[in-house]
Amino acid sequence: MMLPWHLFCMLLLFTRHVFSAEDPEKPLQDIVTWDGYSILVRGERILFFSGEFHPFRLPSPGLWLNVFQKIRGLGYSGGEPGHVRTEGVFALDGFFNAASQAGIYLLARPGPYINAEVSGGGFPGWIQRIEGNVRTTDPSFLNATKNYIATIGEFISKAQITNGGPVILFQPEDEYLVCEGAPSDEELNFCLEKDYMAAIEQQFKHAGIFVPFVNNDAVALGDWAPRTSKRAVDIYGFDNYPFGPENWTQITDPLTQYNFSQHQGGTGVDVCAEMVSNIFARVFYKINYGSRTTIFNLYMILGGTKSGNLGYSSGYTSYDVGAAIIEDRQVTREKYSEIKLEAQFLQASSAYITSEPHSPCSGCYKNISALMTTRLQGESTNFYIIRHSNYIVTQSTSYEWQADTSQGNITVPQLGGSLTLHGRDSNSMRHGSKSVLVLYGGEDETNEFTVDSSLGNATTIGGSNHLDVYLLWRNEAYQYWVMDLPAPEPLGLHASPSRTNSSVIVKAGDYGYHAGSVLYRGHFTANGEEKFLYLSTQGCYAYGHSVWLNSTYLGSWQGNPAIQNYNQTLHFPQSLQGDEHYVLTILIDNLGLDLNFDLNTNTMKSPRGFLDYDLSGYNSKSDVSWKITGSLGGEQQGYHLPGALNSTKAEWQTRTPQEGLSAAGVGLFATTFSLDYPQGYDIPTMNNIGPQTEYPIPEGILNHHGENYLAITLWALEDNGAKLDGIELQSKAVVQSGYRKSLGRLTHLEKEHIE
């Protein structure tokens, strides 16, 4: 999880079922099976193309169905609920129901370690206090996982396809492979505890998970592959990051196996969205199709937002990551349209699933060695993926293509000229038969198609009673959709080939404060010898801290995106009075716990808070008595909740964020406003604040038809204070679509308006 894609490969040699350990002859379930080509649901082969979507990154249950419908509209058949919680807006029943309603199968990946650029990799902060090492068989760690696995396992068990739900695959743990200090790339897994995976798998099986188990190796070293050990999963998988973080010159070859899950869907915000764009999808996704990929998952399909102190420090609040569906749920990126064309083409080509991939070759099937071709051979239909041998070239290449067809060996084009492959692009060729054919090409390309003469002569574009042909520019094809009408249950709207249309004591975590700003107060009685305070703090990358003596501001560390901790000496502006009581106030930002990707480490236990201090004039640290509290910004008093402006305890003053603070300190600014958006419209709304200038606020958090309460905490780290240049509520788009709120979530007045 990471930011970009993971690639998940499954090596399946014969039809399999999940069997009971007590009775090896009796399958636990026979609805989801698999063989060397694909998974099968109720005996039908499924092209499982999916994208990851985390409900906790869109904490508005009324919008989940809308997202699943957009995934299904791509021609994708699946999604990943990924990493989940079970209370409040994170209750999963609505999420599973929305997936079923949209016709989406789910691959569940609940951890317990999830990575996912979340604080601690998904481990709760209190795990820092256990004695044992994380992600090991240490009893203290395994005991800490039991309640979570039992609880989340029960939720997922009830949502399995065997119980009428959408979950058809399950992944325990995530990327359990990489060890710190490996002597070579081939020995990255030298520290693995195979009994750990067995223990995690057994806990989930005890919770009632019966669908096939898959895994996600960070590198394809074969760990947990079927039949390798008692800890093996049913379907082996791995991920890969073919694209470097900065430019196209940092590309590595993607691994070429049968099936992939978790592939690069996005790596940043706007700039990275451009790098992993529609062009990227046309090159690298099609390389995967050349391996006859039948399980393929994009990380992410909708990134969402890291709100509520969920993130870790090496990332933005936004988790858009350049995904096909934008953070505010718009589908205006060209990448969305491109992967829709690719997925719908393969879903409509049932021969693809059982085709046999040939090794890619340079110069074969064409008259030029600068291009690489991969052939997928079927009984009556063949597929060809043509790309540049060098991924990064930007020049166009002209070529002729030769293929052995039912009409003999032919050269394309037949009518003269040559075909064109532009730089950073791939072409997909197919020869076979279909009653409706949509053909498209890019700008300045020459394309050619032929049909069997037995169909007769076409008199118009549109063809005959036997074949309808549409010739389109690629951008026109973006507007064409494959509409799946509901089928009888249990198929519903799910994809199916049977369709006719296809150091010091003051670590914050020790006291239960694992996220957000933490406030320390140190009380001491002065002896008159105090000159300075030495302070060592840690809050992870880009964090900050501020220090006061009584009400006198001493200074701040304003943060650096490359620095996780900082040592600072702050001198007192004047001598302290002996025998007088003083209070040191230290405010430290906690930008999330570290990930724990490497197995033989405990990086998520890296403390937050202040690690050491020294008050000059004292020999013992015990001369200062400390108190700690979290949730700074009025949360403890409930000032972040609606109705806070009516509180008389707050002693509110009238001031705007644009006026801000005149000195170093913290202020809470709050206001109310009302909205009355027209019924029946989907209007993604953004709030513009801070270095990341746009923050999507989904409906459900924002009341589109009534009063809203907005509170902003402003922390000034300089003597002259701070202010916002502006704050604006924006409507990013006005979309009239099929989106509707469930009647159960509407107010009485809203129901009357609809009726």
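Residues numbered from 1 in each chain as written. Predicted model: local features only at pLDDT ≥ 70, side-chain atom pairs only at ≥ 80, totals over all residues. Heavy atoms only, no water.

Right, let's get into the environment of Tyr384. Locating Tyr384 in the fold gives a position in strand β14 (residues 382-388). Engagement of the side chain of Tyr384 in a polar contact is seen with the side chain of Arg375, the distance being 3.4 Å. (Helix = DSSP H or I, 4+ residues; strand = E, 2+ residues; numbered from the N terminus. Polar contact = N/O pair within 3.5 Å; in protein donor to acceptor, adjacent residues only side chain to side chain.)

For the rest of this paragraph, the subject is the confidence of the model for the protein. Reading fine detail from the predicted coordinates is not recommended where pLDDT is low. Mean pLDDT over the protein: 83, with 84% of residues reaching 70 or higher. Contacts for the low-pLDDT stretch residues 1-15, under 50 throughout, to residues beyond four places or in other chains number 111 contacts. (pLDDT = per-residue confidence, 0-100. Contact = heavy atoms within 4.5 Å.)

Overall, antiparallel pairing links the 5 strands, which are arranged β25-β24-β27-β22-β29 in an open sheet. Edge positions in the sheet fall to β25 (552-557) and β29 (625-630), since each of these pairs with one other strand and no more. Sheet twist, expressed as the average angle between the axes of neighbouring strands with direction ignored, equals 15°. With 6 bridges joining them, strand β22 (residues 518-525) and β29 adopt antiparallel strand pairing. (Pairing = 2+ DSSP bridges. Axes fitted to C-alpha atoms, helices over the stretch in contact; angles between N-to-C directions.)

In this model, Gly111 is joined to Pro112 through a cis peptide bond whose omega is 20°. By the secondary structure assignment, Pro112 is in the loop between β7 (105-111) and α3 (139-158). Along the chain, Val412 connects to Pro413 via a cis peptide bond; the corresponding omega equals 10°. Looking at the secondary structure, you find Pro413 in the loop between β17 (408-412) and β18 (419-421). Even without being a glycine, Asn115 presents a positive backbone phi close to 65°. With respect to the element layout, Asn115 can be found in the loop between β7 and α3. Look at Asn115 and you get buried, because its relative accessible area is 4%. We note that Asn550 has phi near 55°; this positive angle belongs to a residue other than glycine. Mapped onto the elements, Asn550 comes out in the loop between β24 (545-549) and β25. (Buried < 20%, exposed > 50% of the residue type's maximum accessible area, 1.4 Å probe, protein only.)

A few words on the nonpolar core. Membership of the largest hydrophobic core comes to 93 residues, with the highest contact counts inside it found for Phe68 and Ile301. Per element, the largest residue contribution to this core is 7 residues, and it comes from helix α6 (residues 278-289). With residues near it in sequence (within four places) discarded, Phe68 still touches Phe53, Phe95, Ala98, Ala99, Ala102, Ile104 and Leu106. In terms of nonpolar packing, the next biggest core, distinct from the first, is built from 26 residues, Phe524, Leu535, Leu570 and Tyr582 among them. (Core = buried A, V, L, I, M, F, W, Y, C linked by side-chain atoms within 4.5 Å.)

Here helix α7 (residues 334-347) is 14 residues long and its end C-alpha atoms lie 20 Å apart, about the 20 Å a rise of 1.5 Å per residue gives. Of all 14 residues that make up α7, 12 are buried, and the element is covered over most of its length. The set of residues buried in α7 consists of Lys335, Tyr336, Ser337, Glu338, Ile339, Lys340, Leu341, Glu342, Ala343, Gln344, Leu346 and Gln347. Here the buried face of α7 lies against β5 (48-53), α1 (64-73), α6, β10 (295-302), β20 (436-441) and α8 (474-477). (Expected span 1.5 Å × (residues − 1).)

Bridge count for strand β16 (residues 401-405) against β17 is 5 bridges, and the pairing is antiparallel. Bridge assignment links Thr405 to a residue of β17, and that residue is Gly408. Counted between consecutive antiparallel strands, the loop separating β16 from β17 contains 2 residues.

Attention now moves to α3. The first and last C-alpha atoms of α3 sit 28 Å apart over 20 residues, in line with the 28 Å expected at 1.5 Å per residue. At Lys146, α3 shows its largest kink, close to 30°. Turning to α3, its buried residues are Phe141, Leu142, Ala144, Thr145, Ile149, Ile152, Gly153, Ile156 and Ser157. (Bend = angle between axes of the 7 residues up to and from the residue.)

According to the stated counting rule, one finds 14 salt bridges in the structure shown. The partner of Arg109 in a salt bridge is Glu52, with the nearest N and O atoms 3.0 Å apart. With Arg109 in strand β7 and Glu52 in strand β5, this pair connects stretches of sequence that are 57 residues apart. The pair Arg109 / Glu52 is uniform in exposure class, with both members buried. Across the pair Asp320 and Arg333 runs a salt bridge, and its minimum N-O distance is 2.7 Å. Separated by 13 residues along the polypeptide, Asp320 in the loop between β10 and α7 and Arg333 in the loop between β10 and α7 bring together distant segments of the chain. Classification of Arg333 as buried rests on a relative accessible area of 17%. (Salt bridge = Lys/Arg side-chain N within 4 Å of Asp/Glu carboxyl O.)

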